[in-house]
Amino acid sequence: MIELHGFPMSPNTKRARLGLEEAGVPYTFHDVDLMAGAQKQPPYMALNPTARVPAMVDGDYKLWESNAIIEYVADLAKDKRLGPETAKERGDIAKWMFMGAAHLSPNIARIFAHTIRLPEEKRLPQLVTEGRAEVDRCLGPLDAALAGKTWLVGERLTITDISLAPPLTAAAMLQIDLSRFSNVTAWLARLTSRDTWKRVNG
Ligand SMILES: N[C@@H](CCC(=O)N[C@@H](CS)C(=O)NCC(=O)O)C(=O)O
């Protein structure tokens, strides 16, 4: 049975859980208490030496980085068709997932850090302003790509949707106005109305 270690509120953990839920792969979830610094303790760092959540263990195989985890579980459950099936799908899926990992997620994390997580004296408003501009730079193309479409790649839900959605569900809390991106808003509503999402956030 797959073991997933993570922090329930973390979008990166939610991404891995959603991948497992959509793949229908059985797993057990283990809480890593970020507030208590459990990610920096040796037992957890033996699973993920970068001291970040999530981490997955499947038998003697260990894997970290949430996008790598969802790619792995998509491969375990090929019948669910969560991964690429053609060269063009592979390209498109990689494009969006790399954009999410390099630009969207880190900038949402930066906005969160400098508006909520850090003590006030450590918050840098300039980083928030820059982070908001970078997030918009991702959301514009995402909105355009979703025009007239249910899911991002192909005619089915894939790891692309699973990968990009979790950090965006924090938009309201971070005062990122998604109403400017109506296709993104509708797509997020579709994804978060699924039972799989409800189980991850239950
Ligand atoms: N790129 C990594 C990011 C993981 C990450 O930054 N996780 C955060 C929680 S959302 C974390 O573990 N933070 C604790 C820390 O940095 O000490 C992934 O996708 O798995």
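Because the structure is a prediction, the values reported are computed rather than measured. Residue numbers here run from 1 along each chain, matching the order of that chain's written sequence. Predicted model: local features are reported for residues with pLDDT of at least 70 only, side-chain atom pairs are reported and counted for 80 or more only, and whole-chain, interface and lining totals are derived from all residues. Computation of side-chain values: all heavy atoms of the structure, hydrogens and water removed.

It is worth spelling out the overall build of the protein chain at this point. Runs of E in the DSSP output that reach at least two residues are strands. Runs of H or I that reach at least four are helices, and both are numbered from the N terminus. Counting its regular elements, the protein chain contains eight helices and four strands. Counting helices and strands in the order they occur from the N terminus, the protein chain gives β-α-β-α-β-β-α-α-α-α-α-α. Along the three orthogonal principal directions, the C-alpha set of the protein chain runs to about 45 × 45 × 30 Å. Here the protein chain holds 202 residues, and 46% of them are scored as buried. When checking whether two residues touch, look at their non-hydrogen atoms; a contact exists if any pair is within 4.5 Å. Of the contacts formed within the protein chain by residues at least 6 apart in sequence, a portion of 64% connects residues at least 24 apart. For the protein chain, the accessible surface area stands at approximately 10,400 Å², while carbon and sulfur atoms represent 56% of it. Each charge class in the protein chain can be summarised by its mean position, and for the 25 positive and 24 negative side chains these summaries are 2 Å apart. Partly exposed residues are those whose accessible area sits between 20% and 50% of the maximum for their type, while under 20% is buried and over 50% is exposed, using a 1.4 Å probe and protein chains only. Accessible areas in this description were obtained via Shrake-Rupley with a 1.4 Å probe; residue shielding takes into account the shown protein chains only. Positive charge is attributed to Lys and Arg, negative charge to Asp and Glu, and no charge count is given to His or to the chain ends. Charge coordinates come from a single atom per side chain, which is NZ of Lys, CZ of Arg, CG of Asp or CD of Glu.

Our focus in this paragraph is the site of the ligand. Here a residue is near a molecule or strand as soon as one of its heavy atoms is found within 4 Å of it. Taken together, 13 residues lie around the ligand, and Asn12, Gln39, Val53, Glu65 and Ser66 are the ones closest in. Any pair of N or O atoms that falls within 3.5 Å is considered a polar contact. Within protein, one atom must be able to donate a hydrogen and the other to accept it, and sequence-neighbouring residues count only if both atoms are side-chain atoms. Asparagine 12 places a polar side-chain atom, nitrogen or oxygen, 3.3 Å from an oxygen atom of the ligand. Backbone polar atom of valine 53 to an oxygen atom of the ligand: 2.8 Å apart, as the coordinates give it. Within the complex, 71% of the 520 Å² of free accessible area of the ligand lies under protein. By residue number, the principal contributor to the shell around the ligand is helix 1 (residues 11-23), which donates three residues. In this classification, the charged set is Asp, Glu, Lys and Arg, the nonpolar set is Ala, Val, Leu, Ile, Met, Phe, Trp, Tyr, Cys and Pro, and all remaining amino acids, among them Gly, are polar. By residue class, the composition of the shell around the ligand is five nonpolar, four polar and four charged.

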